[in-house]
Amino acid sequence: MITLFTHMNRATKLTTQQITEFMVSTSFPLCENISTRNVLEMSQDATLKRRLSTGCSAIDECLRGGFLPYGITEIVGESGAGKTQFAMQLALQVQLPIEEGGLGGKAFYISTEGGVPTQRLLQMAEGFKKKHPSMSKTSLMSGVYIEKVESIDLLYHLLENRLPEFLRKEHIRVVIIDSIAALFRHEYTHSESAQRAKVLWKHSNQLKLLSDGLGITVVVINQVADFFNNVSVAGSTMSGGRVIPALGLTWSNCVNTRVLLSKVKGSVSEVHPPLEEDDQEVTKKRKVTSVGLRRLHVVLASHLANGSCPYAVGVDGIIDVPSDT
């Protein structure tokens, strides 16, 4: 079994003592705001029981209701598996009342690569308001704050200095980073792995402070890397071959929940607009299209059993597929 110490020793050439000192120093901020509570207080804390629904019943069942409002949840997968679609759907879903699977708050979306997907979000919001008539397209779009971040230093400055007060002021209930790998892959070479590990720990600690301190769901999108050796870090076979989550074992030890998205063979038909819309004009515009199947795998979660379920990415976002698919 390859331990974290062994992995870091091979990557950085640091001694066990040096690695221990490094982990203690970078983890110390997590202890500063810890408050002791008894079991009764924790059992009565409604925020610990809430889940952020994904809007897809099969996935919610697999996740026992949705994503937790504490710790770091990682969504990892190959290109085209629907990671960004998933993230945008959560940014809309969080705005629903608690009784409808949301958290009654807003979303803060941090984009680190490419253009900000505002047009796709508008399209998804249009479909979302049809399912939830109490929500307007205007309110949905005004409930998603988007920030473009282009460097690791700017990301940490945002997390540590600007974001905490903004989260409280605007009642943000989910923070999404899309994606974490983009920044670290571009700014660090293989020979700088020790420094990269230290910065990864620092960023994850700050995210956990925000999540645990304010009861906010933190979702981080990650990419995959080719699998070349026998180090086990939740390696999985996808359409392109054997891959593992990017950023290695150091980052894997930072996340609390990991779900993996993959493309699988097969497709399902999507009827759009949905059949329940009987307006004559809607009927004339109705189209049946074929959408590729995807699969969600629960890879890491102390509160969940390992499992998987199918889904698809449709016009309006992540959708259910027949249970026998």
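See the structure above.
Residues numbered from 1 in each chain as written. Predicted model: local features only at pLDDT ≥ 70, side-chain atom pairs only at ≥ 80, totals over all residues. Heavy atoms only, no water.

A. Representation of the nonpolar core within the structure. One finds Ile 59, Ile 75, Phe 86, Leu 90, Ile 176 and Leu 296 to be the most contacted residues of the largest nonpolar core, which totals 39 residues. For this core, the element with the highest residue contribution is helix H5 (residues 83-93), accounting for six residues. If we skip the residues at most four places from it in the chain, Leu 90 touches Leu 52, Ser 53, Thr 54, Phe 67, Ile 75, Val 174, Ile 176 and Val 219. Membership of the second largest hydrophobic core comes to 31 residues, among which are Ile 72, Ile 110, Leu 210 and Trp 251. (Core = buried A, V, L, I, M, F, W, Y, C linked by side-chain atoms within 4.5 Å. Buried < 20%, exposed > 50% of the residue type's maximum accessible area, 1.4 Å probe, protein only. Helix = DSSP H or I, 4+ residues; strand = E, 2+ residues; numbered from the N terminus. Contact = heavy atoms within 4.5 Å.)

B. Spotlight on unusual backbone geometry. Note that the residue after Asp 178, namely Ser 179, is joined by a cis bond; omega there is 0°. In this structure, Ser 179 sits in the loop between strand E4 (172-178) and helix H9 (180-187). Phi is positive for Arg 64, which is not a glycine, with a value near 55°. Within the secondary structure, Arg 64 sits in the loop between helix H4 (57-62) and strand E1 (72-77). Positive phi values are uncommon outside glycine, yet Leu 247 reaches one of about 80°. Here Leu 247 is to be found in the loop between strand E8 (241-245) and helix H11 (248-252).

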